[in-house]
Every structure is written in structure tokens, then in C-alpha cells.
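# Coordinate analysis (summary)
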Amino acid sequence: MSGPAGPGRLLIRDLEQLATPRGSGAPLRGPALGDVEVIEDAFVLTDGDRIAGVGRMADLRPLDGDVEELDGRGRCAVPGLVDCHTHACFGGDRVEEFALRAAGAGYEELHAAGGGIRSTVLATREAGEEGLREAVGRHHAWMLRAGTTTFESKSGYGLDRETELASLRVIVEEGGIPTWLGAHAVPPEVGDADAYLDFALRDVLPEAARLAEAADVFLERGAFDATQARRYLDACRDAGLALRLHGDQFTEAGAIPLAIELGARSVDHLEATGDGGVRALAGSEVVGVLLPASALFLDRPMPPARALVDAGAAVALATDFNPGSAFCESLPLVCSLAATQLHLSPAEALAAVTANAAHVVGRAGRKGRLARGYDADVVLLDAPDWRYLAYHLGGPVVAETIVAGVPTRLG
Ligand code: NIG
Ligand code: FE
């Protein structure tokens, strides 16, 4: 007996516009980053979980057989958004800390006093695997409403064997792309960072490498230094994981040279990156992942995005969704911040949350574009022009999110 039928064909018709990064390369950089193909009066045809065709309504041939139709009038289609950097697996919240910060307390100061990330570690351990599954499911639902059809999520709030592995399992079960952030902070029960890495690499890495696709480290004062980060990443690479780094968030502590030397997929944050770092990154294959919602949430300087793009670096944009430094799941809002704070064009922002973000999570051939053969992940914007994605600051710009050919029906 066969199982339930999968999605059939879906015709999204009479769209005001369809916008997608041109061509098939990734990561995009330089002028190619801002080269968006726009089709007016367009359609998207999906067949099962793939895109069967896109084009102008005038060129649409009659379709035989069963085809579900979706009215695209007043709407624009863009590729399903790819959030390549989130921390969606955590227990509790940090709303109390948020209020303290609003009253003047510093993020690093709270962390140094045992709050911050470490307070989420306690709540995450407390939540248990079922509680974490519910939390990731809730966060995933928020992301879908904001147009995110593919999300990466890091572990990193367990920092013991059981909770790190449970985190990776629930991220996979909830449809996320798992990254082992085994070096996020030193947990309270361990004396120092080196002793913690002894434990993590010996007792957690072998199983984490079976569950995760990538590894990540927080290279920063008060977390892990460059020597410790190198040790962690070397071991993770040897275990078959792709490499990512949190770097240059508060200080330049060697993240960019290390990322380049180790052939990492990305180095993320970059709020503190200076001219030398910009030049080095631009001359490399490593993608700079910009997280402007995090800079905004912490009232920190924005990363030097314009300088990076002008120097030829490949950049992606992501939310950094997490309870402490960016309680924000909205990539459209990130695109607004990219245009208003990072001085990227709406076209550059679109490529940074689609084709380039797909590259960062190792899915450039399947996700991040509206073109035949790509996954049928589509966002319909409630807008007469696709640039409302960045223009409609904080507004309900996402009308519908289609995942693998299935509308999630926001109403
Ligand atoms: O990417 N900077 C390190 N990690 C997260 C924040 C984690 C937290 O505050 O809970 C980030 O900003
Ligand atoms: Fe992060």
C-alpha cells in the first residue's frame, strides 16, 4: 500500500512580480550580489516538492490534469527565506534580563556575573527533551509566519552531553539544520574553558558529529580564545563537520584569520571587524554572516556591511534568533535593517537571505532561488513590489509561506 499522496501541482498565478537572485552561482559577491531577476505579471508552477517552472503569465501554456491554483494578484513571490544562523533550541526566556538591559545593565557584564547565556543553560537543562521539542516547534512556527522556509539552529544551551545531544535531535525532528555549538560558553560546573573542551571533545563530539552538519564556536573574550577555538574546530573538522564561527562580536580576537585558515563556511557577527578583517574576508571563500537584529537588540555598532560588499566579500544575513541577544525571528525585519542600517540595497539583502544563506547551510543547489528544479519553497508578499520585503518595516509583509509545494495557509 502506498502512503498518503504528496503535494500535486500548484499554480501561483497573476503575481505582480516574481524576484529571484539571477543565475545559479553561490555565494554571490560584488555586482552579482545585487543582480535580481524581476519578472512582471508572473507565475510559479510547482510539481510535488519542486519548482516546475516560472515565467510571465503571457507565456504560460495550458496545463492538463489536476492543478491547484493560488491567486497571486496584489502579491509578489520571492524564494523561501533561509535563516542560516539561529539559536532556536532553548528553555525559558531572558525577559527579566531584557528589562535590566533597558535600565542600563550591559550584556557582557550580565554574562560575566553568571547570567546571560549561562542562565539559559540552566533553563534548557531543566526543560528536558520534550520541553525543548515544544520550544523549537513554537519557534519554527514563528519563523514560518515570517517567511522562513529553511532554518539552521545551533545547540549550545545544554553544554552537557545529554542536553547537547537532545538539542541536536529535536532540531532535526522539527525540520531544522543542526549545528553543534559545543563551545558556546563554559558551563558553571566546569572549572575552565580547557577542561570543558577536554570533556566536550571526548564525550560529546563523537555522537554530535553523527547528528549535526556543522560545528560552531563563540570566539570572544569571556568565552573561548583563538587557541581554544582552533582546538575545537580542528577536532570537529576531523569528525566530518563543516565549520562556523561566532567572531568579532565585541572584539577582534582572531576569528577571521582562523576561519580562513581552517576553510570555515562562515564567520558570523563582525560588529567589531576593522579594515584589515574586511580585506582578509573579501579575499577569501568564507561568507560573512551579518546579524543586524542582534546589533540592534544589544545597541551595538552595526557590522561594516557596505565595506565588506564593496571589497568583494560574500555576505549572508540572518536573524541570530536567541533569547538573549536577538529575540527576533523575522528575516523581513532583518532585510529592513540591512537597507536602513547596513546600507545594502533591497536586491543585495534578498540574495543575502536566499542564495547566499542557502550556501552557508550547504544547500545552494536546492534552495534560495525561484527556478525550475529548486525546492518549491516560496514566499508570497502582500505587496505590489517585491522590495516591500525590506521596505515594510516590521509590517505584516508575508501573506503566505509555501514549503515543499504546500501552502502553510496563514489566512
Ligand atoms: O550569537 N554571542 C553568542 N551567542 C549568541 C547569544 C547567546 C545568548 O545571549 O543567549 C549570539 O549573539
Ligand atoms: Fe549567534
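Report follows, based on the coordinates. From a predicted model like this one, the values you see are computed outputs, not experimental measurements.

### Regarding the overall build of the protein
- Helix and strand counts for the protein come out as 14 helices and 16 strands.
- Taken over the C-alpha atoms alone, the protein extends approximately 70 × 55 × 45 Å along its principal axes.
- Buried positions account for 56% of the 411 residues belonging to the protein.
- Put simply, of all contacts in the protein between residues at least 6 apart along the chain, 73% involve residues at least 24 apart.
- On the protein, roughly 15,600 Å² of surface is accessible, and the fraction owed to carbon and sulfur atoms is 50%.
- Treating the 37 positive side-chain charges of the protein as one cloud and the 59 negative ones as another, the clouds have centres 4 Å apart.

### Section: the coordination of the iron ion (ligand 2)
- Looking at the iron ion (ligand 2), one finds its protein donor set to be His85 (NE2), His87 (NE2), His246 (NE2) and Asp320 (OD), positioned 2.1 to 2.2 Å from the metal centre.
- Of the residues examined, Asp320 reaches a relative accessible area of 1% and is grouped as buried.

### Some remarks on the packing of helix 3 (residues 117-145) against helix 4 (residues 161-173)
- Helix 4 packs onto helix 3 with a crossing angle of 5 degrees between their chain directions and a minimal axis gap of 9 Å. Relative to helix 4, helix 3 is oriented roughly parallel. Within the contact between the two elements, helix 3 uses Thr124, Arg125, Glu129, Leu132, Arg133 and Val136 and helix 4 uses Thr163, Ala166, Ser167, Arg169, Val170 and Glu173.
- Tallied by class, the residues present in the contact of helix 3 with helix 4 amount to 4 nonpolar, 3 polar and 5 charged.

### Some points on the site of ligand 1
- Lining the immediate surroundings of ligand 1 are 15 residues, of which Arg94, Tyr107, Tyr157, Gln249 and Ser325 lie closest.
- In the environment of ligand 1, an oxygen atom lies 2.4 Å from a nitrogen or oxygen atom belonging to the side chain of Tyr107.
- Here Ser325 contributes a side-chain N or O atom positioned 2.5 Å from an oxygen atom of ligand 1.
- For ligand 1, the accessible surface in isolation is 330 Å², of which the surrounding protein chains cover 100%.
- Tallied by class, the residues present in the shell around ligand 1 amount to 4 nonpolar, 9 polar and 2 charged.

### Examining helix 4
- Compared with the 18 Å implied by 1.5 Å per residue over 13 residues, the 18 Å span of helix 4 between its first and last C-alpha is a close match.
- Every buried residue belonging to helix 4 is among Thr163, Glu164, Leu165, Ala166, Ser167, Leu168, Val170 and Ile171, and all of these are buried.
- In the core, the buried residues of helix 4 are packed alongside helix 3, strand 7 (148-154), strand 8 (177-183) and helix 5 (193-211).
- Looking at the residues trailing helix 4, positive phi occurs at Gly175, about 90 degrees.

### Describing the pairing of strand 9 (residues 214-218)
- Counting buried residues in strand 9 gives 5 out of 5 residues, a clear majority hidden from the surface.
- Covered by surrounding structure in strand 9 are Ala214, Asp216 and Phe218 together with Ala215 and Val217, the residues of both alternating faces.
- The sheet contact formed by strand 8 and strand 9 spans 3 bridges and is parallel. Bridged to Thr179 within strand 9 is Ala214.

### A look at the sheet that holds strand 9
- Pairing in this open sheet of 8 strands is parallel, and the strands run 6-7-8-9-10-11-12-13 from one edge to the other. What marks the edges here is a single partner per strand, and that holds for strand 6 (81-83) and strand 13 (315-317). Recorded for the sheet is a direction-independent mean angle of 25 degrees between the axes of neighbouring strands.
- Across the sheet, helix 7 (residues 255-262) touches strand 10 (242-247) and strand 11 (266-269), and the angle it forms with strand 10 is around 175 degrees.
- With respect to the sheet, helix 11 (residues 331-340) is in contact with strand 6, strand 7 and strand 13, its orientation differing from that of strand 6 by roughly 85 degrees.

### Brief notes about the pattern of salt bridges
- As enumerated under the stated definition, the model contains 31 salt bridges in all.
- Notably, a salt bridge pairs Asp375 with Arg50, separated by 3.5 Å at the nearest N-O pair. In this pair, Asp375 is assigned in the loop between helix 13 (355-360) and strand 14 (378-382) and Arg50 in strand 3 (residues 50-56), connecting sequence segments 325 residues apart.
- A salt bridge links Glu189 to Arg125, with the nearest nitrogen and oxygen atoms 2.9 Å apart. Of the two residues, Glu189 sits in the loop between strand 8 and helix 5 while Arg125 sits in helix 3, which places them 64 residues apart along the sequence.
- Ionic contacts of the salt-bridge type, sharing partners, join the residues Asp49, Arg50, Arg366, Lys367, Asp375 and Asp377 into one network.

### Comments concerning the packing of aromatic side chains
- Counting across every chain of the model gives 11 aromatic pairs.
- Between Tyr388 and Tyr391, the aromatic rings sit 5.1 Å apart at their centres with planes inclined by 75 degrees, giving edge-to-face as the arrangement. In this pair, Tyr388 and Tyr391 are both assigned in helix 14 (residues 388-391), 3 residues apart and thus about one turn of the helix distant.
- The exposure class assigned to Tyr388 is partly exposed, which follows from its relative accessible area of 26%.

Parameters at a glance
- Residues numbered from 1 in each chain as written.
- Chains lettered and ligands numbered in written order.
- Predicted model: local features only at pLDDT ≥ 70, side-chain atom pairs only at ≥ 80, totals over all residues.
- Heavy atoms only, no water.
- Helix = DSSP H or I, 4+ residues; strand = E, 2+ residues; numbered from the N terminus.
- Buried < 20%, exposed > 50% of the residue type's maximum accessible area, 1.4 Å probe, protein only.
- Contact = heavy atoms within 4.5 Å.
- Areas by Shrake-Rupley, 256 points an atom, 1.4 Å probe, with all protein chains shown as cover.
- Lys, Arg positive; Asp, Glu negative; His and termini not counted.
- Charge placed at Lys NZ, Arg CZ, Asp CG, Glu CD.
- Donors = N, O, S within 2.8 Å, 3.2 Å for Na, K, Ca; no water.
- Axes fitted to C-alpha atoms, helices over the stretch in contact; angles between N-to-C directions.
- Parallel < 35°, antiparallel > 145°, perpendicular 65-115°, else oblique.
- Nonpolar A, V, L, I, M, F, W, Y, C, P; charged D, E, K, R; others polar.
- Near = heavy atom within 4 Å.
- Polar contact = N/O pair within 3.5 Å; in protein donor to acceptor, adjacent residues only side chain to side chain.
- Expected span 1.5 Å × (residues − 1).
- Pairing = 2+ DSSP bridges.
- Salt bridge = Lys/Arg side-chain N within 4 Å of Asp/Glu carboxyl O.
- Phe/Tyr/Trp six-rings, centres within 6.5 Å; stacked < 30°, edge-to-face > 60°.

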